[in-house]
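Breakdown of the fold
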Amino acid sequence: MKRIIFAFCVLVALASCKSQHPTVEWIEGSLDSKSGLYEHEFIVRGVPADATDWVIWFWSQTLTHYEVVESDGLKIELFKARAHMLRPDGTPKVAGEYRIRYRSSAKLWNISKFPIKLSYQNGTEKPVNIDITHKMLPLRSDGEEVFATNSVAISESKPEHIIPCPKSIVYEGEGVTDLSQWERKSAKVEMLDEKHPEGWYRITLNGEVKIEAADEFGAYYAATTLENIKENGTKVSNMVIEDYPDFDIRGFMMHVASTHQTMDSLYRLVDLMARYKLNVLHMHLTDDYGWRIEIDDIPDLTSVGARTAIPQPDGKGWFTEEVILSTSSLDKDDMSNPNNRHYTREDYIALVKYAAERKIRILPEIDFPGHSRAAVVALRAYERRTGDTRFTPTHKDDTSVFSSVQGVSDNTFDIALESTYNFIALVFDNLIEMHNEAGVPLTEIHIGGDEVPEGAWIGSPACQALLAQSPKGSDEKEVFYSYFINKVLDIAEARNIKICGWHEIVEHLDKTTWKRMADHCAWINFWGFDRMLPIAQKAVENGINVVLSNCQTTYLEEMYTLNEQESGNGWAGPIDIKTAFSLDPFNPAYPYKDKSRILGVQTQLWHSKIDHFVFPKGLGNFDRGWNAAPQCSYDHYYSTLVNNELPSLERRGVKYHIPQPGLKIENGKLIANAPFKGGEIRYTLSEQTPTSKSALWSAPVEISDDVKVISARYFKDGRESVTTTLRR
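Residues numbered from 1 in each chain as written. Predicted model: local features only at pLDDT ≥ 70, side-chain atom pairs only at ≥ 80, totals over all residues. Heavy atoms only, no water.

So, on to the overall build of the protein chain. Looking only at helices and strands, the protein chain features 17 helices and 38 strands. Since a compact globule built from 728 residues should have a radius of gyration of about 27 Å, the 28 Å found for the protein chain is in line with a globular shape. The C-alpha extent of the protein chain, read off along each of the three principal axes, is 90 × 80 × 65 Å. Burial statistics for the protein chain: of 728 residues in total, 56% are counted as buried. Of the contacts formed within the protein chain by residues at least 6 apart in sequence, a portion of 73% connects residues at least 24 apart. As presented, the protein chain carries roughly 30,900 Å² of accessible surface, and 50% of it is formed by carbon and sulfur atoms. With 80 positive and 102 negative side-chain charges, the protein chain shows a separation of 3 Å between the mean positions of the two kinds. (Helix = DSSP H or I, 4+ residues; strand = E, 2+ residues; numbered from the N terminus. Rg over C-alpha atoms; globule rule 2.2 N^0.38 Å. Buried < 20%, exposed > 50% of the residue type's maximum accessible area, 1.4 Å probe, protein only. Contact = heavy atoms within 4.5 Å. Areas by Shrake-Rupley, 256 points an atom, 1.4 Å probe, with all protein chains shown as cover. Lys, Arg positive; Asp, Glu negative; His and termini not counted. Charge placed at Lys NZ, Arg CZ, Asp CG, Glu CD.)

As a further point, take the packing of aromatic side chains. The geometry of an aromatic ring pair is captured by the separation of the ring centres together with the interplanar angle, meaning the angle of the planes. This structure, assessed with the given rule, holds 35 aromatic pairs. Aromatic rings pair up to connect Trp291, Phe368, Tyr382, Phe391, Phe413 and Phe423 into one cluster. A cation over an aromatic ring shows up here: lysine 117 above the ring of tryptophan 59, its NZ or CZ 6.0 Å from the ring centre. The ring of tyrosine 244 carries the charged tip of lysine 167 above its face, separated from the ring centre by 4.7 Å. (Phe/Tyr/Trp six-rings, centres within 6.5 Å; stacked < 30°, edge-to-face > 60°. Lys NZ or Arg CZ within 6 Å of the ring centre and 35° of its normal.)

As a further point, take the packing of helix α9 (residues 461-468) against helix α10 (residues 476-494). Where α9 meets α10, the closest approach of the two axes is 10 Å, and the angle between their N-to-C directions is 105°. Judged on the interaxial angle alone, α10 and α9 are roughly perpendicular. On α10, the residues touching Cys463, Gln464, Leu466 and Leu467 of α9 are Glu476, Val479, Phe480 and Tyr483. Taken together, the residues that form the contact of α9 with α10 break down as 6 nonpolar, 1 polar and 1 charged. (Axes fitted to C-alpha atoms, helices over the stretch in contact; angles between N-to-C directions. Parallel < 35°, antiparallel > 145°, perpendicular 65-115°, else oblique. Nonpolar A, V, L, I, M, F, W, Y, C, P; charged D, E, K, R; others polar.)

Another aspect to go through is the sheet that holds strand β15 (residues 209-213). Through backbone hydrogen bonds, the strands of a sheet pair up, either in parallel or in antiparallel fashion. Taken together, the 5 strands give an open sheet; going across it, the order is β12-β16-β14-β15-β13, and neighbouring strands pair in mixed fashion. Edge positions in the sheet fall to β12 (168-178) and β13 (189-191), since each of these pairs with one other strand and no more. Pairwise comparison of adjacent strand axes, ignoring direction, gives a mean angle of 25° for this sheet. Bridge count between strand β14 (residues 201-205) and β15: 5 bridges; the pairing is antiparallel. Counterpart to isoleucine 203 in the pairing with β15 is isoleucine 211. The strands that helix α3 (residues 216-232) touches are β13, β14, β15 and β16 (235-243); relative to β14, the one it contacts most, it runs at about 40°. (Pairing = 2+ DSSP bridges.)

If you check α10, its first and last C-alpha atoms are 28 Å apart, about what 19 residues at 1.5 Å a residue would give, namely 27 Å. Among the residues of α10, Val479, Phe480, Tyr481, Ser482, Phe484, Ile485, Lys487, Val488, Leu489, Ile491 and Ala492 are the ones counted as buried. Of the surrounding secondary structure, the elements contacted by the buried residues of α10 are β25 (361-368), α8 (418-438), β26 (444-448), α9, β27 (498-502) and α11 (511-520). Measuring from the side-chain oxygen of the N-cap residue of α10 to the backbone nitrogen of lysine 477 gives 3.1 Å; that N-cap residue is aspartate 475. Asparagine 496 sits one or two positions beyond α10 and adopts a positive phi of about 60°. (Expected span 1.5 Å × (residues − 1). Polar contact = N/O pair within 3.5 Å; in protein donor to acceptor, adjacent residues only side chain to side chain.)

Below, the discussion takes up the nonpolar core. Counting residues in each nonpolar core, the largest one holds 171 residues, and the members touching the most others are Phe252, Leu281, Trp291, Phe423, Met517 and Phe615. Sorting elements by how many residues they give to this core places α8 first, with 11 residues. When residues no more than four places from it in sequence are discounted, the contact partners of phenylalanine 423 are Trp291, Ile298, Leu301, Phe368, Leu379, Phe391 and Phe413. Judged by nonpolar contacts, the second largest core, of 22 residues, contains Val24, Leu63, Ile76 and Ile100. (Core = buried A, V, L, I, M, F, W, Y, C linked by side-chain atoms within 4.5 Å.)

Geometrically, the link from phenylalanine 368 to proline 369 is a cis peptide bond, its omega value of -15° lying close to zero. Looking at the element boundaries, proline 369 is found in the loop between β25 and α7 (373-386). Here lysine 359, not a glycine, exhibits a phi torsion of approximately 60°, which is positive. One non-glycine residue, aspartate 410, adopts positive backbone phi at about 55°. Structurally, aspartate 410 is set in the loop between α7 and α8. Here aspartate 410 falls in the partly exposed class, since its relative accessible area comes to 26%.

Another aspect to go through is the sheet that holds strand β31 (residues 662-666). Taken together, 3 strands build an open sheet; the order of strands is β31-β32-β35 and the sheet is antiparallel. Looking at the sheet topology across the chains shown, the edges are occupied by β31 and β35 (701-702). Across 5 bridges, β31 lies against strand β32 (residues 669-673) in antiparallel orientation. By the bridge assignment, lysine 664 is partnered in β32 with isoleucine 671. Sitting on the sheet, helix α2 (residues 143-150) touches β31 and β32, and the angle it makes with β31 is about 110°.

Moving on: the side chain of aspartate 243. Relative to the elements of secondary structure, aspartate 243 occurs in strand β16. Buried and unpaired, aspartate 243 has no salt bridge, with lysine 167 as the nearest side chain of opposite charge at 4.2 Å. From its side chain, aspartate 243 meets the backbone nitrogen of lysine 167 in a polar contact 3.0 Å long. One polar contact links aspartate 243 to tyrosine 201, side chain to side chain, over a distance of 2.8 Å. Leaving out residues up to four positions away in the same chain, aspartate 243 has contacts with Cys165, Pro166, Lys167, Gly199, Trp200, Tyr201 and Trp626. (Salt bridge = Lys/Arg side-chain N within 4 Å of Asp/Glu carboxyl O.)

In this model, helix α4 (residues 263-275) (13 residues) spans 18 Å end to end at C-alpha, consistent with the 18 Å of a helix rising 1.5 Å per residue. Listed as buried for α4 are Met263, Ser265, Leu266, Leu269, Val270, Leu272, Met273, Ala274 and Arg275. Elements in contact with the buried residues of α4: α3, β17 (249-255), β18 (280-284), α6 (345-356), α15 (610-614) and α17 (634-651). After α4 finishes, the residue lysine 277 shows a positive phi value of roughly 65°.

Here threonine 684 shows up in strand β33 (residues 680-684). The exposure class assigned to threonine 684 is buried, which follows from its relative accessible area of 9%. Setting aside residues no more than four positions away along its own chain, threonine 684 makes contact with Pro690, Ser694, Val709, Ile710 and Ser711.

Now for the confidence of the model for the protein chain. Averaged over every residue, the pLDDT of the protein chain is 95; residues scoring 70 or more account for 97%. Low confidence marks residues 1-18, where pLDDT is under 50. Its contacts with residues over four positions away, or in another chain, come to 0 contacts. (pLDDT = per-residue confidence, 0-100.)

Now the structure itself:
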């Protein structure tokens, strides 16, 4: 019996050793004044003694250029793009504990720029995900600036105070109309044979409900307005509401290429878009890290291009990619991982139908010729599997060396190969077929066209032959881009389709192509900074329509504030509720000769967290898509958001972003303010992060002079803000 117990203990001990995985700590350092670089440190602990060929994969958006300060048995290596490795480099001073201090030029805006998405593998053993602990620098003092932001005069809101704000509300006497029995499905609408903008409607409430509309869109938006009012209160004053959208395009772009959204999530998104009267869902279906739409003729586009995994040892001391690069995806066939999923034809057709019923059209984007690594990798796999060379993405003798803004190489189609256009035509045909099956004919396809890396075609024999055929002295970019656009326009025109694209598709065109684009480009999305608006001005001058997608106001994945605990990007931000509301489609510093060419406003989300980044700040964009100029003050808008919209979002289960509380010291007392109604402000008199059990602030609190740091968080509906800090 003792032998059995002993053997069992040995097995348990062995199993324990075998399942042991290292832990990683990353320590944020400050700016080194001499070098002008930021110094940070990795510490790896608990590496098994018998692990000699191990690697820890991690993802970093900022670790592009660095210098080692001190290494103790550890090295950092770049695999490609933003995928990096920690690998052993000698014997550490302390067994099983590896360290490396390094300096980097990149400023880390917030936690999103810290190393993330870690996995560990020893040799050919099965990889595992591991956690990382981030040790941050002390937070900067932001209490007073947050206090100022939160000092909005929140007034009472009426049921008719909704977003987007109606153009006109005229009250009629002192009577009241009861909306409790009104329903969309039984609503009667009088269609007027009068000249009004598309989507115009008028609602008269005088004890009864009368709806007049210029068209089916106006009828739909009128019913939406009544539903939104009714949700805020069923007894409303008698009034006449007259309203219409200023823009034809009120869009929302969802980046599903990087991270797949479930169908339920997309249906919910469409419902929310309909509530705020948006009418275009721009689906960014393909990019470097994923191809998400099924194309029957080439199953590899999804069996390879929609699958992710960490690279595997190649037996030569390095690693190879089987599918799309990831540092945290362990199994390309694990369908619980959203990065391994795609949309079937049936999924897409169902979404097109669902959206159309809510007056929203789906705009598919297939990103060409850059941002196409998933397609390039998948098409090469298809060619190896079948021997079919009709869709070869790049020239076999291409020697081009390049890297995209995101650090991705080998992500660009060869624009001089006919096989590129065979593929584009095939994709166009499939998308057109799917829309026809849905009973919603496709009128535009978005071709992306943004951020083609410098030097992408310089080593292609086919591209150089194309350049050689051009007149002497021709601008290289103009030759390449004009050729590409004309070939795509040939495909689109033959199918009675117009194209859309990001503004780069018109940056390097010859005069003939400019003219052709004016006839066959539905619009370009201008995504740049305000200083880049001359690009949009030039497009308008050349007869090309523009949809404003300005990164400084509509890229909602930008962090809400400069607080380091906030997630999100920072290169174009921050973007908070007021910034999103302040979007000015007609920036007076950059006047347009023909304002009618500005077709609308589109919000972008290059992130998977819809609730957190879109709500509530995105509502400001939505209002500006309907009303080119605000129809109310910011205080009125904010009051409507707090009083009416947040409760509505809560009823729909939307986990919107929780902003910080403001802090300041006044006459020796701590004063705090909350961004919204309700909730609790909890605080500590130190750097310690407040919890839901920390001291509750409800009135000014006397603070002694020896307290140098105060930390606070705002708790609401089971969620909490990041930490506000006040230093004295």
